[in-house]
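One letter stands for each residue in the lines below.
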Amino acid sequence: MTAGAGAGAGRDRKVDEVRRMLEGPHPPVPVDLAERAVRRGARLLRLRRGARRTGWWLAGTVFAAFLVWAGVEQPWLPEPAEVTPPLEGW
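Residues numbered from 1 in each chain as written. Predicted model: local features only at pLDDT ≥ 70, side-chain atom pairs only at ≥ 80, totals over all residues. Heavy atoms only, no water.

Colleague: Pulling in residues and values, what's your account of a nonpolar patch on the surface?
Modeller: Residues Phe63, Phe66, Leu67 and Trp69 make up a contiguous nonpolar surface patch of about 450 Å² in total accessible area. Topologically, phenylalanine 63 is positioned in helix 2 (residues 33–73). (Patch = residues over 30% accessible without salt bridge, like charges linked within 9 Å, V, L, I, M, F, W, Y side chains within 5 Å. Areas by Shrake-Rupley, 256 points an atom, 1.4 Å probe, with all protein chains shown as cover. Salt bridge = Lys/Arg side-chain N within 4 Å of Asp/Glu carboxyl O. Helix = DSSP H or I, 4+ residues; strand = E, 2+ residues; numbered from the N terminus.)

Dropping the structure here:
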């Protein structure tokens, strides 16, 4: 195997490319970049907070509906018998 032909050769080439890019002229940055980032971050926080609140509200509503259903149906009780058992021994 020759020097530089191993598995690390591709990695070294990528590292060299990144270093050349970082040493070169930097691209211009928009003046209002920080303001836009703050606005976008605030909007994302509001959306996440709203989604979280909606999720909790929905979970609470489902839980309340379950409690009402369980109170009305009482699924833990056995079903009433359709036929009366015969009376024997009278």
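Colleague: Requested: an account of the pattern of salt bridges, with residues and values cited.
Modeller: Pairing of side chains with opposite charge becomes possible as their charged atoms draw close. One pass over the full model with this rule turns up two salt bridges. The residue aspartate 32 makes a salt bridge to arginine 36 at a minimum N-O spacing of 3.6 Å.

Colleague: Go over the environment of valine 15, please, and point to the residues and values.
Modeller: Inspection of the secondary structure puts valine 15 in helix 1 (residues 8–23). Judged by relative accessible area, which is 29%, valine 15 ranks as partly exposed. It is 87 Å that separates the C-alpha atoms of valine 15 and proline 85, two residues lying 70 residues apart in sequence. (Buried < 20%, exposed > 50% of the residue type's maximum accessible area, 1.4 Å probe, protein only.)

Colleague: So, the packing of aromatic side chains: which residues are in play, and what are the values?
Modeller: The geometry of two aromatic rings is summed up by the distance between their centres and the angle between their planes. Overall, the coordinates contain one aromatic pair when judged by the stated rule. Their ring planes at 35 degrees and their centres at 5.9 Å tell us that phenylalanine 66 and tryptophan 69 sit as a pair that is tilted. Separated by three residues within a single helix, phenylalanine 66 and tryptophan 69 lie in helix 2, roughly one turn from each other. (Phe/Tyr/Trp six-rings, centres within 6.5 Å; stacked < 30°, edge-to-face > 60°.)

Colleague: Would you mind going over a positive patch on the surface in detail, with residue names and values included?
Modeller: A cluster of basic residues, Arg39, Arg40, Arg43, Arg46, Arg48, Arg49, Arg52 and Arg53, forms a positive patch at the surface. With respect to the element layout, arginine 43 can be found in helix 2. (Lys, Arg positive; Asp, Glu negative; His and termini not counted. Charge placed at Lys NZ, Arg CZ, Asp CG, Glu CD.)

Colleague: Explain unusual backbone geometry residue by residue, including any values.
Modeller: You will see that glutamine 74, though not glycine, has its phi angle at about 45 degrees, which is positive. Topologically, glutamine 74 is positioned in the segment after helix 2. The exposure class assigned to glutamine 74 is partly exposed, which follows from its relative accessible area of 32%.

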